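Here is how the chains run, residue by residue.
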Protein chains: 2
Amino acid sequence: MPKNYLLIPGPTPVPQDVLLEMAREMVNHRGSEFANVLKTSTELLKKVFKTQNDVLILTASGTGGMEAAVVNFFSQGDPVLVGVCGVFGERFAKICKAYGLNVKTIDCEPGKGVEPEILEKALKENPDVKGVFLTHNETSTGVTNDLKTLAPIVKQNPERLLVVDAVSSLGAIDLPTDDLKVDVVVTASQKALETPPGLAMVSVSELAWKYNEKANLPRFYFDLKQAKKFLEEGATPFTPAVSVVFALRKALENILNRGLEQNFKRHQVLGRAVREAVKALGVTKLLADERWASDTVTPIIPPENVNPDELRKYIRTKFGVVLAGGQGVLKGKIFRVGHVGYVEPTDILVAISAIEIALENMGYKGLKGKGTQVAEEIFAEYYKN
Amino acid sequence: MPKNYLLIPGPTPVPQDVLLEMAREMVNHRGSEFANVLKTSTELLKKVFKTQNDVLILTASGTGGMEAAVVNFFSQGDPVLVGVCGVFGERFAKICKAYGLNVKTIDCEPGKGVEPEILEKALKENPDVKGVFLTHNETSTGVTNDLKTLAPIVKQNPERLLVVDAVSSLGAIDLPTDDLKVDVVVTASQKALETPPGLAMVSVSELAWKYNEKANLPRFYFDLKQAKKFLEEGATPFTPAVSVVFALRKALENILNRGLEQNFKRHQVLGRAVREAVKALGVTKLLADERWASDTVTPIIPPENVNPDELRKYIRTKFGVVLAGGQGVLKGKIFRVGHVGYVEPTDILVAISAIEIALENMGYKGLKGKGTQVAEEIFAEYYKN
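The name recorded for chain A in an unreviewed UniProt entry is Soluble hydrogenase, small subunit, from Dictyoglomus thermophilum. UniProt annotates chain A under Cofactor (unreviewed entry) with the comment "pyridoxal 5'-phosphate".

Here is the structure:
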């Protein structure tokens, strides 16, 4: 049995001290011990969200958080605009449609992000749009939207709601929620937050709470107003995933002790190392346009005649390196290296070596050490500081 | 620091071998290892549900499962009947109302269950009712509805949907889903299933799937048809609480190895011991009518002049025994002993002693050993076999 290197864009590896929190004795979810953990976790989350807004923790996957971001702020028939750069942008559009919103989309080619000009044009053509939904980091195509440019365009109308899916970025890629006036940010426990899956988190601005007062979409489990009311007492409306909240507190302490900026820096270096290695190999190609290249996941087009899923199986079996396949229209066409959360340069070196050896043994000669060399150069520079 | 005796009706204590499953290394939720765990857990759940129907696992609390049981099978304006014996029956009614169903309720006095005659009359007066919602075990009042009598009344019209909240009973109190033709049963991980919170489970009959085809309520995260489709591939539509699924498999193996009937028997004995002890003390009273007394939780009316929350605090501080307070209209009026899941006679003996000592020290004399004695008699009998 090879050792386990979980290099997918989530769930991500969990540090041992966080895993051990999961094995704690169960406690009363209405008692003071849990109240303390919930309150502390919420305060630490605010630092990672870079917000003074309310942050609410839900027991659900990230998609549950996305649904909460729809049903709490909108009404049937509301016109909304969704940026679709892959499967997760599409998911936001699907949730909006399921709840009867009037959905327009900006559809990006696979590997490209939302162009500021196109967003601006779409909003001019649809001035009645009440909310704009953007994916910060689209894992299916390895694209990071440039929120620092896009958010101010949405906020040219300050009454328009900006909702951001930051499930696979928050904590790894800078998202200054308050500076950018993002009204609703959604994330989840199992990506950059280095915690097992089970929790979604949603930040809610004052403007979003105003929308909430008028919103008529049906909601019960994901009712954020209830969540806010209970949080004031250090509780949740319904039994939360207690163990995951304990783990989350520990993981957030780790991340903030290390420093959020240091976390962003590490992800930049990991992303760059993977991309440069892919280019150095020559036979593999990057799917994402480098203008939008993600620092948490790199989708890779394999050499012609190589089935990416067979390549992944070989790498998983021989080296214990678990990579992700393609999603949606990219299924069977690409493989993806996740480098988010509790991932170190050493993990990436292992992954690059595994890819090199696998391709060598599949007939692509002269690759040994090629990608590793450029990755090492990048890491050597990183470790100088 | 006293040892910890978590005797609330959920989350319940978790055995150490189950806790340690929570601390496992994270795995790919789309890989074969997780597929096996999900499939095995689902098969084991079917045994506990006593059903051949589909059983689907959702990442949510029990309330999320209740919402799934509403939004997947009904349409706006559908007339439904809800049996309300406390906070959780009320919750079903609230969810139905939030989604625009036409809700009628049968309201029980606190401590009483649904009378078969009243159910029969309500259905005769409302023959168009499409679905009946019943709470199997109402934790707020310690009432177990007699489904063996009530289910056939609902099923006098075989096309009527019967939806049962078994969150705090399944695995502890017998619920023969298929024999009783219950269409939808909801439970959660953190009660009798001896697993940390984070998962809800819903069983779905063929009739319920027929309803699903016509149901027009909006849904995305809780879409059970999607969950069924993904389960065929050993997966879930969205990232599940992976660690809790691992824990669930272990806990279900434990329960089924021990024997489901043995589990029911143990809960009967625990429930009877607590009730007889309460009666033996004389100064404490049972809230629930004994005809409906629950084997998973016992709500207790304290002696006059004793604040139940102060009593609980004393007991928690001195003995580490964590009891629950009252909910809803019973807040501040009762305290509740949970005896569900990983709870043994020894735990109950500790709880009864703690109550006796606390009341003695609050001025009620002559209680020492009184409740313990009758509990020991019941347990002595139990251990003969």
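A. Inspection of the relation of the copies chain A and chain B at higher detail. Under the fitted operation, chain A is carried onto chain B by 0.0 Å of movement along the axis and a turn of 180°, and the coordinates agree to an RMSD of 0.0 Å. Taken together, these values place the two copies in the relation of a two-fold axis.

B. The sheet that holds strand E14 (residues 324–325) of chain A, seen in detail. Residue and element names in this part refer to chain A. An order of E11-E12-E15-E14 is seen for the four strands of this open sheet, with the pairing classed as antiparallel. The open sheet terminates on both sides in strands that have one partner only, identified here as strand E11 (285–286) and E14. Summarising the sheet, E11 and strand E12 (residues 297–301) pair through two bridges and their orientation is antiparallel. Opposite Leu-286, over in E12, you have Ile-300 as the bridge partner.

C. Structural detail: the pattern of salt bridges. Tallied over the full model, the rule gives 36 salt bridges over all chains. A salt bridge links Glu-43 of chain A to Lys-46 of chain A, with the shortest nitrogen-to-oxygen separation between them at 3.9 Å. With Glu-43 of chain A and Lys-46 of chain A both in helix H2 (residues 32–49), this residue pair falls three residues apart, about one helical turn. One salt bridge in this structure joins Lys-279 of chain B and Glu-276 of chain B, with 3.1 Å as the shortest N-O distance. Remark: Glu-276 of chain B and Lys-279 of chain B occur in helix H10 (residues 260–281); sequence separation between them is three residues, near one turn of the helix.

D. Region of interest: the UniProt feature "modified residue: N6-(pyridoxal phosphate)lysine" (unreviewed entry) in chain A. All names here are of chain A. The positions UniProt marks with the feature "modified residue: N6-(pyridoxal phosphate)lysine" (unreviewed entry) are Lys-191. Looking at where Lys-191 falls in the secondary structure, it is placed in the loop between strand E9 (184–188) and strand E10 (199–204). Judged by its relative accessible area of 8%, Lys-191 falls in the buried class.

E. Focus on helix H4 (residues 87–98) of chain A. Residues and elements named next belong to chain A. The end-to-end C-alpha separation of H4 is 16 Å, in line with the 16 Å expected for 12 residues at 1.5 Å each. The set of residues buried in H4 consists of Val-87, Phe-88, Gly-89, Arg-91, Phe-92, Ala-93, Ile-95 and Cys-96. Residues of H4 that are buried make contact with helix H3 (62–71), strand E3 (79–84), strand E4 (102–107), strand E5 (131–135), strand E6 (137–138) and strand E8 (161–165). The positive-phi residue at the C-terminal boundary of H4 is Gly-100, with phi of around 80°.

F. Molecular detail of the nonpolar core. Core analysis: the largest hydrophobic core is formed by 204 residues, its most contacted members being Phe-74 and Leu-119 of chain A together with Phe-74 and Leu-119 of chain B. In this structure Phe-74 of chain A touches Ala-69, Val-80, Leu-101, Lys-130, Gly-131, Phe-133, Leu-161, Val-163, Tyr-211, Ala-215, Asn-216 and Leu-217 of chain A, once residues within four positions along its chain are discounted. By size, the runner-up hydrophobic cluster in this structure holds 31 residues, among which are Val-278, Leu-311, Ile-315 and Leu-367 of chain B.

G. Up close: the side chain of His-267 of chain B. Residues and elements named next belong to chain B. Within the secondary structure layout, His-267 lies in helix H10. According to the relative accessible area criterion, His-267 is buried, its value standing at 0%. Once you skip the residues sitting within four places of it in the chain, His-267 turns out to touch Ala-172, Asp-295, Thr-296, His-339, Val-340 and Gly-341.

H. Representation of the domain arrangement of chain A. All names here are of chain A. Domain annotation for chain A reports domain 1 (5–10 + 259–384) and domain 2 (16–257). For domain 1 and domain 2, the distance between their C-alpha centres works out to 28 Å. Taken residue by residue, the interface counts 28 residues in domain 1 and 32 residues in domain 2. With both sides pooled, the region where domain 1 packs onto domain 2 buries about 2,300 Å², and carbon together with sulfur makes up 56% of that total. Of all residues in domain 1, Leu-260, Phe-264 and Trp-292 bury the most surface against domain 2, accounting for 29% of the area lost on that side. Joining domain 1 to domain 2, the criterion identifies two salt bridges. Between Arg-291 and Glu-115 there is a salt bridge, with its nearest N and O atoms 2.8 Å apart. At the surface where domain 1 touches domain 2, the tally comes to 14 residue pairs in polar contact (both at pLDDT 80 or more). Residue assignment for the side of domain 1 that touches domain 2 shows that the elements contributing at least two residues are helix H10 (260–281) and E12. Residue contributions to the side of domain 1 that touches domain 2 peak at six residues, all from H10.

I. Structural context of the UniProt feature "binding site: substrate" (unreviewed entry) in chain A. All names here are of chain A. UniProt marks Arg-336 with the feature "binding site: substrate" (unreviewed entry), using the numbering shown here. Locating Arg-336 in the fold gives a position in strand E15 (residues 335–338). Residue class for Arg-336 comes out buried when judged on its relative accessible area of 5%. When residues no more than four places from it in sequence are discounted, the contact partners of Arg-336 are Leu-7, Pro-9, Thr-139, Ser-140, Val-297, Thr-298, Pro-299, Leu-323, Ala-324, Gly-325, Gly-326 and Gln-327.

J. Just the interface of chain A and chain B, in detail. Chain A puts 45 residues into the contact, and the matching count from chain B is 45 residues. Across the interface of chain A and chain B, roughly 3,600 Å² is buried in total on both sides, 68% from carbon and sulfur atoms. Of all residues in chain A, Met-26, Phe-220 and Tyr-221 of chain A bury the most surface against chain B, accounting for 18% of the area lost on that side. Summed over the shared surface of chain A and chain B, the result is zero salt bridges. In this assembly, chain A and chain B are joined by six residue pairs in polar contact (both at pLDDT 80 or more). Of all the secondary-structure elements, those providing two or more residues to the side of chain A that touches chain B are helix H1 (16–22), H3, H4 and helix H9 (242–258) of chain A. A per-element tally of the side of chain A that touches chain B places H4 of chain A first, with four residues.

K. Molecular detail of the packing of helix H11 (residues 308–319) of chain B against helix H12 (residues 345–361) of chain B. Residue and element names in this part refer to chain B. With their axes 10 Å apart at the nearest point, H11 and H12 run at an angle of 115° to one another. Crossing handedness for the pair H11 and H12: right-handed. Along its contact with H11, which presents Leu-311, Tyr-314, Ile-315 and Phe-319, the element H12 presents Ala-354, Ile-355, Ile-357, Ala-358, Leu-359 and Asn-361. For the contact of H11 with H12, the per-class residue count stands at nine nonpolar, one polar and no charged.

L. The arrangement of the side chain of Arg-266 of chain A in detail. Residues and elements named next belong to chain A. Summarising the element assignment, Arg-266 is placed in helix H10. Nearest to the buried, unbridged Arg-266 among oppositely charged side chains is Glu-194, at 4.2 Å. When neighbours within four sequence positions are excluded, Arg-266 is seen to be in contact with Glu-194, Arg-258, Gly-341, Val-343 and Tyr-382.

M. Main features of the sheet that holds E10 of chain A. Residue and element names in this part refer to chain A. Taken in spatial order, the seven strands line up as E2-E10-E9-E8-E5-E3-E4 in an open sheet, and their pairing is mixed. Each of the sheet's edge strands pairs with one partner strand only, and the pair in question is strand E2 (54–59) and E4. Going from strand to strand, the sheet's axes swing by 20° on average, the running direction of each strand aside.

N. Representation of the environment of Leu-270 of chain B in the model. Residue and element names in this part refer to chain B. Take Leu-270: it is sitting in helix H10. Remark: the alpha-carbon pair of Leu-270 and Glu-304, spanning 34 residues in sequence, is separated by 26 Å. In this view, Leu-270 contacts His-339, Val-343, Glu-344, Pro-345, Ile-348 and Phe-379; residues no more than four positions away in its chain are not counted.

O. Quick peek at the packing of aromatic side chains. The full count for this structure, using the stated rule, is 17 aromatic pairs over all chains. Ring plane angle 25° and centroid distance 5.7 Å describe the contact between Phe-220 of chain A and Phe-238 of chain A, whose orientation is recorded as stacked. One end of the pair, Phe-220 of chain A, is in the loop between helix H7 (206–214) and helix H8 (224–231); the other, Phe-238 of chain A, is in the loop between H8 and H9, with 18 residues separating them in the sequence. Each member of the pair, Phe-220 of chain A as well as Phe-238 of chain A, is classed as buried. When the centroid spacing of 5.5 Å and the interplanar angle of 40° are considered together, the rings of Phe-74 of chain B and Phe-133 of chain B count as tilted. Taken together, the positions of Phe-74 of chain B in the loop between helix H3 (62–71) and strand E3 (79–84) and Phe-133 of chain B in strand E5 (residues 131–135) put the pair 59 residues apart, joining distant regions of the chain. Residue classification places Phe-133 of chain B among the buried positions, given a relative accessible area of 0%.

What counts, and where the lines are drawn
Residues numbered from 1 in each chain as written. Chains lettered and ligands numbered in written order. Predicted model: local features only at pLDDT ≥ 70, side-chain atom pairs only at ≥ 80, totals over all residues. Heavy atoms only, no water. UniProt positions renumbered as here; feature names shortened; annotations may be inferred. Least-squares fit on C-alpha atoms with pLDDT ≥ 70 in both. Pairing = 2+ DSSP bridges. Helix = DSSP H or I, 4+ residues; strand = E, 2+ residues; numbered from the N terminus. Salt bridge = Lys/Arg side-chain N within 4 Å of Asp/Glu carboxyl O. Buried < 20%, exposed > 50% of the residue type's maximum accessible area, 1.4 Å probe, protein only. Expected span 1.5 Å × (residues − 1). Contact = heavy atoms within 4.5 Å. Core = buried A, V, L, I, M, F, W, Y, C linked by side-chain atoms within 4.5 Å. Domains from an automatic or database assignment. Buried area = accessible area lost by both parts, 1.4 Å probe. Polar contact = N/O pair within 3.5 Å; in protein donor to acceptor, adjacent residues only side chain to side chain. Axes fitted to C-alpha atoms, helices over the stretch in contact; angles between N-to-C directions. Left-handed = near helix turned anticlockwise from the far one by under 90°. Nonpolar A, V, L, I, M, F, W, Y, C, P; charged D, E, K, R; others polar. Lys, Arg positive; Asp, Glu negative; His and termini not counted. Phe/Tyr/Trp six-rings, centres within 6.5 Å; stacked < 30°, edge-to-face > 60°.

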